[in-house]
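# Analysis of the macromolecular model
Next come the chains, spelled out residue by residue.
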Amino acid sequence: MQEQSTSTPILGGHDNVSGPGPEIMASDTLEGDTVVNLTGETLGKIRDIMIDVPSGRVAYAVMSVGGVMGIGDKLFAVPWNALVLDADNHCFVLDVSKERLKDAPGFDKEHWPELADARFAASVYEYYGTPPYWH
């Protein structure tokens, strides 16, 4: 079995010579980016990028799905390494169908999960089939 990476792959963007990126980018340039699956269906948008402050690593992205202007949307903690940045199309690609996403560990903006809880965090990474960033 091939070992999976704990980093986020990047597609395109390498001809960008006008500033930082795509390897180093401000998080606010990525927040709001659309997330699509492998078939091009829109799954949601990146709402937040959560940092593990003690380690200085990205813990996960918060993807918002549904709702209107942030009302009624469902949020999902998505492992950073489960996402592929498509720098040319200014989006992320997540290898999950819309149907499978319905069963993903989700939450609403009033009830955020405790990602510091190792069991919950491990279940999120396991759901998406990626190794935890802390390993």
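Residues numbered from 1 in each chain as written. Predicted model: local features only at pLDDT ≥ 70, side-chain atom pairs only at ≥ 80, totals over all residues. Heavy atoms only, no water.

Take the pairing of strand β7 (residues 91–94) next. Residues Cys91 and Val93 line one face of β7 and the alternating positions Phe92 and Leu94 line the opposite face, and both faces are buried. Pairing of strand β2 (residues 34–36) with β7 involves three bridges; the strand directions are parallel. In the strand pairing of β7, valine 36 is matched with valine 93. Pairing geometry for strand β6 (residues 83–86) and β7, over four bridges, is antiparallel. Residue pairing across strands places leucine 83 opposite leucine 94, the latter belonging to β7. The loop that links β6 with its antiparallel partner β7 comprises four residues; one of these, histidine 90, has a positive phi angle of about 50°. (Buried < 20%, exposed > 50% of the residue type's maximum accessible area, 1.4 Å probe, protein only. Helix = DSSP H or I, 4+ residues; strand = E, 2+ residues; numbered from the N terminus. Pairing = 2+ DSSP bridges.)

Side chains carrying opposite charge are able to pair once their charged atoms draw close together. By the definition in use, this model includes two salt bridges. With its nearest N and O atoms 3.4 Å apart, the salt bridge here joins glutamate 99 to lysine 102. Among the residues examined, glutamate 99 registers a relative accessible area of 53% and is labelled exposed. (Salt bridge = Lys/Arg side-chain N within 4 Å of Asp/Glu carboxyl O.)

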